[in-house]
Amino acid sequence: VQLQASGGGLVQAGDSLRLPCTASVRTFSNYVMGWFRQAPGKDRGVVAVITWGGGSTYYADAVKGRFTISRDNAKNTVYLQMNSLKPDDTAVYYCAATRVGGVRARRDEDFDYWGQGTLVTVSS
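Only a predicted model underlies this, so the values are computations on that prediction, with no experimental measurement involved. (Residues numbered from 1 in each chain as written. Predicted model: local features only at pLDDT ≥ 70, side-chain atom pairs only at ≥ 80, totals over all residues. Heavy atoms only, no water.)

Draft legend 1. Inspection of the sheet that holds strand 1 (residues 2-5) at higher detail. Strand order in the open sheet formed by four strands is 1-3-8-7, with antiparallel pairing between adjacent strands. Pairing within the sheet leaves two strands with one partner each, and these edge strands are strand 1 and strand 7 (67-72). In this sheet, adjacent strand axes meet at a mean angle of 15° when their direction is disregarded. As paired elements, strand 7 and strand 8 (residues 77-82) share six bridges and run antiparallel to each other. Across the sheet, the residue bridging to I69 is L80, located in strand 8. (Pairing = 2+ DSSP bridges. Helix = DSSP H or I, 4+ residues; strand = E, 2+ residues; numbered from the N terminus. Axes fitted to C-alpha atoms, helices over the stretch in contact; angles between N-to-C directions.)

Structure (structure tokens):
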């Protein structure tokens, strides 16, 4: 499984950004997908998780109400829509995939495949 995240960039506080992550895999719907982020000097942590068909999602408290994870299984793509961005959202964002766990998959070690990361910088 190869994951390719994109869409990062420099934005101002309050702006929106959408990150797509495309998977090179035969059956994308076999995978739970997650978005993680790592800010400078901090550990990587979960942002959002979406189950195989998209029926269930999980969000970290810091992004709840501002970020939306979604997926299009026909396009092998998972999205992270980020609204009302804050400087604290500045980080490298990674997409990840696993076959198991559902929305309980929230730790780095729960995911088997990782994209290369895309940098989001939010200026104040």
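Draft legend 2. Fine view of unusual backbone geometry. Positive phi outside glycine occurs at N76, with the angle close to 55°. Given a relative accessible area of 17%, N76 falls into the buried group. For S84, which is not glycine, the phi dihedral falls at a positive 50°. With respect to the element layout, S84 can be found in the loop between strand 8 and strand 9 (91-98). (Buried < 20%, exposed > 50% of the residue type's maximum accessible area, 1.4 Å probe, protein only.)

Draft legend 3. Just the pattern of salt bridges, in detail. Applying the stated rule across the entire model yields six salt bridges. Across the pair D108 and R44 runs a salt bridge, and its minimum N-O distance is 3.0 Å. Here D108 is found in the loop between strand 9 and strand 10 (113-114), whereas its partner R44 is found in the loop between strand 4 (32-38) and strand 5 (45-50), with 64 residues between them in sequence. Overall, the relative accessible area of 25% leaves D108 in the partly exposed class. Overall, R44 belongs to the partly exposed group, its relative accessible area being 27%. Of the charged contacts in the structure, one is a salt bridge between D110 and R107, with a shortest N-O distance of 2.8 Å. We classify R107 as partly exposed; its relative accessible area is 48%. (Salt bridge = Lys/Arg side-chain N within 4 Å of Asp/Glu carboxyl O.)

Read these as geometric descriptors, not functional statements.
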